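One-letter residues, chain by chain:
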Amino acid sequence: GENVEQHPSTLSVQEGDSAVIKCTYSDSASNYFPWYKQELGKRPQLIIDIRSNVGEKKDQRIAVTLNKTAKHFSLHITETQPEDSAVYFCAASKPGRALTFGSGTRLQVQP
Amino acid sequence: DAGVTQSPTHLIKTRGQQVTLRCSPKSGHDTVSWYQQALGQGPQFIFQYYEEEERQRGNFPDRFSGHQFPNYSSELNVNALLLGDSALYLCASSLEGLLGELFFGEGSRLTVL
């Protein structure tokens, strides 16, 4: 089955800096790559997703890039703010199959 | 529009007992997936229900079973509880045909003593 690896496991940045989280996947048939944000004690919430027919997608301060050849995708957060502090999960799935999640990255934005 | 609702929010059981967790999907959604999230880990897929049938299953033993009702709500049952079953159990709903988009509930935190 699909295997998703995520790194780093923890990331600390200064407010205003950029943060980058990277994931690799194993199944070349995967074509959907969402990112979820989970605040402490809360549900995971979708923040952005990308499908395999595009290489990059941006939504305000958040962007995701996908390299299908290398089978990796990344989350980029610019101008980080304290409220960006949370655990971020990447995931991947192929048509008709459930999402496989990475192990998460704990992002801490220092004021 | 209510999102995904789960009950109970917290519960404590002892080894060997059985537990039932409940989930109501987001309005308009017809597919329910269950995930187990151990502390500090990513969600692990248990199974998915659509049209009252288990459609997919992850790498979980038969002690984990489920059901989907005609109104699309779902239950997760775990028999013969083990200490290692302690986790946050997340229900997620989606709409058949919309690739991968999941909406999660707040979860049920199970502690097995």
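Everything discussed here concerns the structure shown above.
Cut-off values and rules
- Residues numbered from 1 in each chain as written.
- Chains lettered and ligands numbered in written order.
- Predicted model: local features only at pLDDT ≥ 70, side-chain atom pairs only at ≥ 80, totals over all residues.
- Heavy atoms only, no water.
- Pairing = 2+ DSSP bridges.
- Helix = DSSP H or I, 4+ residues; strand = E, 2+ residues; numbered from the N terminus.
- Axes fitted to C-alpha atoms, helices over the stretch in contact; angles between N-to-C directions.
- Contact = heavy atoms within 4.5 Å.
- Buried area = accessible area lost by both parts, 1.4 Å probe.
- Salt bridge = Lys/Arg side-chain N within 4 Å of Asp/Glu carboxyl O.
- Polar contact = N/O pair within 3.5 Å; in protein donor to acceptor, adjacent residues only side chain to side chain.
- Nonpolar A, V, L, I, M, F, W, Y, C, P; charged D, E, K, R; others polar.
- Disulfide = S-S within 2.5 Å.
- Buried < 20%, exposed > 50% of the residue type's maximum accessible area, 1.4 Å probe, protein only.
- Core = buried A, V, L, I, M, F, W, Y, C linked by side-chain atoms within 4.5 Å.

### Structural notes on the sheet that holds strand E8 (residues 72–77) of chain A
Residue and element names in this part refer to chain A. Strand order in the open sheet made by the 5 strands is E1-E3-E8-E7-E6, with antiparallel pairing throughout. Pairing within the sheet leaves two strands with one partner each, and these edge strands are strand E1 (4–7) and strand E6 (56–59). Going from strand to strand, the sheet's axes swing by 15° on average, the running direction of each strand aside. With 6 bridges joining them, strand E3 (residues 19–25) and E8 adopt antiparallel strand pairing. Bridging across to E8, Ala19 finds its partner in Ile77.

### Describing the side chain of B:Gln56
The residue B:Gln56 is located in strand E6 (residues 53–57) in this model. Not counting chain neighbours up to four residues away, the residues in contact with B:Gln56 comprise A:Gly96, A:Arg97, A:Ala98, B:Phe45, B:Phe47 and B:Gln48.

### Side note on the interface of chain B and chain A
With 18 residues of chain B in contact, the opposing surface of chain A contributes 21 residues. Across the chain B/chain A interface, buried area totals approximately 1,600 Å², and carbon plus sulfur atoms make up 49% of it. Taken together, the links from chain B to chain A amount to 2 salt bridges. Between A:Arg51 and B:Glu101 there is a salt bridge, with its nearest N and O atoms 2.9 Å apart. Taken together, the links from chain B to chain A amount to 8 residue pairs in polar contact (both at pLDDT 80 or more). Of all the secondary-structure elements, those providing two or more residues to the side of chain B that touches chain A are strand E4 (31–37) and strand E9 (87–94) of chain B. Residues that form the side of chain B that touches chain A fall into these classes: 9 nonpolar, 7 polar and 2 charged.

### Focus: the state of the cysteines
Residues and elements named next belong to chain A. Tallied over the full model, the rule gives 2 disulfides over all chains. Across the disulfide, Cys23 is cross-linked to Cys90 (sulfur-sulfur distance 1.9 Å). Taking the sign of the torsion about the S-S bond as the criterion, the disulfide between Cys23 and Cys90, at about -100°, is left-handed. Highlighted residues: Cys23 in strand E3 and Cys90 in strand E9 (residues 86–92), separated in sequence by 67 residues. Across the pair, Cys90 and Cys23 agree in class, each one buried.

### Overview of the nonpolar core
Residue and element names in this part refer to chain A. Formed by 22 residues in total, the largest nonpolar core has its most connected members in Trp35, Phe73 and Leu75. Of all the secondary structure elements, the ones that give two or more residues to this core are E3, strand E4 (32–38), strand E5 (45–51), strand E7 (62–67), E8, E9 and strand E11 (105–110). Once residues within four sequence positions are removed from consideration, Leu75 is found in contact with Ala19, Val20, Ile21, Trp35, Ile47, Ile48, Ile62, Ala63 and Tyr88.

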